[in-house]
Amino acid sequence: MFNYTIRRLVLSIPTLLFIALVIFLLLELAPGDPMGQMPLTIPDDVKQRMREALGLGEPWYTRFYLWLYQFFIVEPQYWIDGAFGTNFANDAQRIISFQSRSPVFDTIAERLPQTLWVVGMSYVVGVAIALPIGIISAYKQYSVFDQAGTFVSMIGFSVPPFFSGVLVIVIFSVQLGWLPSIYDTTHEVVDWETFKFQIQQMIMPVMVLALQTTAQVSRYMRASMLDNLGQDYVRTARAKGMSESVVVMKHVLRNSMIPVITVIALGIPSIFGGAIITEQVFKVNGLGQLLIIALQGNDIPMVMTITFLLAVLIVMMNLIADILYGVLDPRIRYD
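Side note on the overall build of the protein
Secondary structure summary: the protein contains 13 helices and 0 strands in total. For the protein, the sequential pattern of α-helices and β-strands runs α-α-α-α-α-α-α-α-α-α-α-α-α. Looking at the protein as a whole, 40% of its 335 residues qualify as buried. Taking the contacts inside the protein whose residues are at least 6 apart along the sequence as the reference set, 72% of them involve residues at least 24 apart. When the accessible surface of the protein is totalled, it reaches about 18500 Å², and 67% of it is carbon and sulfur.

Examining the environment of F145
Tracing the backbone through its elements, the reader meets F145 in helix α5 (residues 144–158). Residue F145 is classed as partly exposed on the basis of its relative accessible area, which comes to 36%. In the structure, F145 is positioned 12 residues away from I133 in sequence and 8.5 Å away in space, judged by C-alpha atoms. Setting aside residues up to four positions removed in sequence, F145 forms contacts with I133, I136 and S137.

Some details on the pattern of salt bridges
Pairing between side chains of opposite charge can happen when the charged atoms of each approach one another. All told, the structure shown has 6 salt bridges when counted by the stated rule. Of the charged contacts, one joins D146 and R222 as a salt bridge, the two residues approaching to 2.9 Å between their closest N and O atoms. Here R222 lies in helix α7 (residues 192–229) and D146 lies in helix α5, a separation of 76 residues in the sequence. For the pair D146 and R222, one class covers both residues: buried. Here the residues in one salt-bridge network are E75, R94 and D106, joined through shared partners.

So, the environment of R222
Its relative accessible area of 14% is what places R222 among the buried residues. C-alpha separation for the pair R222 and A138, spaced 84 residues apart in sequence, amounts to 5.0 Å. Setting aside anything within four residues of it in sequence, one finds R222 in contact with G134, S137, A138, Q141 and D146.

A short note on a nonpolar patch on the surface
Where nonpolar side chains cluster on the molecular surface, the patch consists of F162, F163, V166, L167, V170, I171, V174, L176, W178, I276 and I277 and spans about 1000 Å² of accessible area. Of all elements in the fold, only α6 (161–175) and α11 (276–282) reach the threshold of two or more residues within the nonpolar patch. Counting residues per element, the nonpolar patch draws most heavily on α6, which supplies 7 residues. Here V170 lies in helix α6.

Let's talk about the packing of aromatic side chains
Applying the stated criterion across every chain yields a total of 10 aromatic pairs. Relative to Y61, the ring of W60 lies with its centre 5.9 Å away and its plane at 80°, an arrangement referred to as edge-to-face. Ring plane angle 50° and centroid distance 5.6 Å describe the contact between F71 and F105, whose orientation is recorded as tilted. Taken as a pair, F71 in helix α3 (residues 60–84) and F105 in helix α4 (residues 104–139) lie far apart in primary sequence, 34 residues in all. Following the ring pairs from residue to residue traces out a cluster consisting of W67, F71, F72, F105 and F308. The cationic tip of R94 hangs over the ring face of Y78; the distance from NZ or CZ to the ring centre is 4.6 Å.

Details of the packing of helix α8 (residues 232–239) against helix α9 (residues 244–267)
Running from amino to carboxyl end, α8 crosses α9 at an angle of 155°, the nearest separation of the two axes being 10 Å. As judged from the angle between their axes, α8 and α9 are roughly antiparallel. When you trace α8 past α9, the crossing you get is right-handed. Facing α8, whose interface residues are Y233, V234, A237 and R238, α9 presents E244, V247, H251, V252 and N255. Residues of the contact of α8 with α9, tallied by class, amount to 5 nonpolar, 2 polar and 2 charged.

Here we look at α6
With 15 residues, α6 should reach 21 Å at 1.5 Å per residue; the first-to-last C-alpha distance of 20 Å fits that figure. Taken together, the buried positions of α6 are P161, S164, G165, V168, I169 and S173. Check the buried side of α6 and you find it contacts α7 and α11. Just beyond α6, the residue with positive phi is G177, at close to 70°.

Some thoughts on the nonpolar core
Formed by 25 residues in total, the largest nonpolar core has its most connected members in V217, M221, M225, V252, L253 and I264. Taken together, the elements giving at least two residues each to this core come down to α4, α7, α8, α9 and α13 (300–328). Considering every element that reaches this core, the biggest residue donor is α9, with 11 residues. Setting aside chain neighbours within four positions, we find L253 in contact with I135, M221, M225 and V248. Grouped together as the second largest cluster of nonpolar side chains are 21 residues, F71, V104, M304 and V315 included.

Rules used throughout
- Residues numbered from 1 in each chain as written.
- Predicted model: local features only at pLDDT ≥ 70, side-chain atom pairs only at ≥ 80, totals over all residues.
- Heavy atoms only, no water.
- Helix = DSSP H or I, 4+ residues; strand = E, 2+ residues; numbered from the N terminus.
- Buried < 20%, exposed > 50% of the residue type's maximum accessible area, 1.4 Å probe, protein only.
- Contact = heavy atoms within 4.5 Å.
- Areas by Shrake-Rupley, 256 points an atom, 1.4 Å probe, with all protein chains shown as cover.
- Salt bridge = Lys/Arg side-chain N within 4 Å of Asp/Glu carboxyl O.
- Patch = residues over 30% accessible without salt bridge, like charges linked within 9 Å, V, L, I, M, F, W, Y side chains within 5 Å.
- Phe/Tyr/Trp six-rings, centres within 6.5 Å; stacked < 30°, edge-to-face > 60°.
- Lys NZ or Arg CZ within 6 Å of the ring centre and 35° of its normal.
- Axes fitted to C-alpha atoms, helices over the stretch in contact; angles between N-to-C directions.
- Parallel < 35°, antiparallel > 145°, perpendicular 65-115°, else oblique.
- Left-handed = near helix turned anticlockwise from the far one by under 90°.
- Nonpolar A, V, L, I, M, F, W, Y, C, P; charged D, E, K, R; others polar.
- Expected span 1.5 Å × (residues − 1).
- Core = buried A, V, L, I, M, F, W, Y, C linked by side-chain atoms within 4.5 Å.

Functional significance is not addressed by these values, which are geometric in nature.
And the structure:
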């Protein structure tokens, strides 16, 4: 397993470099100009000097190499300097946003807590609800519980978040007045009352996002459980006199989790990318909203950095899922 992990990590380096190149070229070929939103009264020569100040006058391969150097060398040095008080960076040029003219990683760090509060919590809640629903639905196939779970899953798959988000705002904020309709990103938790308000403003966006996660994971869990419940080893375990709880929870569940882990692991990068639509509906000042603003403003460094970070997470989550396969199923070996 250790050798397999090392091989995968080494292989991920050219994979990520190729992904970075594809993302950069797509942004380079995309229509639009970072100077396009500047006032028309600005003279062309001034715009040209502004383009050169942003580094847009250099060839694309020079800018791509500079971004790679800043991402993998300069930014980690600034992180080490901030953590340990060293001076490895020596005031080297960081990745700067075209719009805010501030370091991209500083802006991401400011937005990340809001995304983790809402999107991260919704993913944890959705998975925690989906797994028992899928297990019980499979064990009690075609029961009332199974039919109800199937109905809820169909709603989660069918109803888009921009509709369900507006719907819960109308019901719980406008009609009942129980919950705030807009997420206050400036709110700080300092005592019990502020903590209760934080929970209140998280309920609706978490509920909307958790519904989608629950629908997806519970269906995978149910299908995988049904497939394993009919296997020969289950009948053998029952014939040996094992209790039903041991058969289901120890043998069937462990084998059923293998495909479900892939779904859960590959969904984790979406947490850090933010729920773009939901963050817009509830005015959550997170990474999803930041990505939309950067795309609208042709902020290439910001878009490039966020999308590449998501690619890194996807590659890493794939590796973690493969390793967990071997942990759950002793038959799987990578040597």
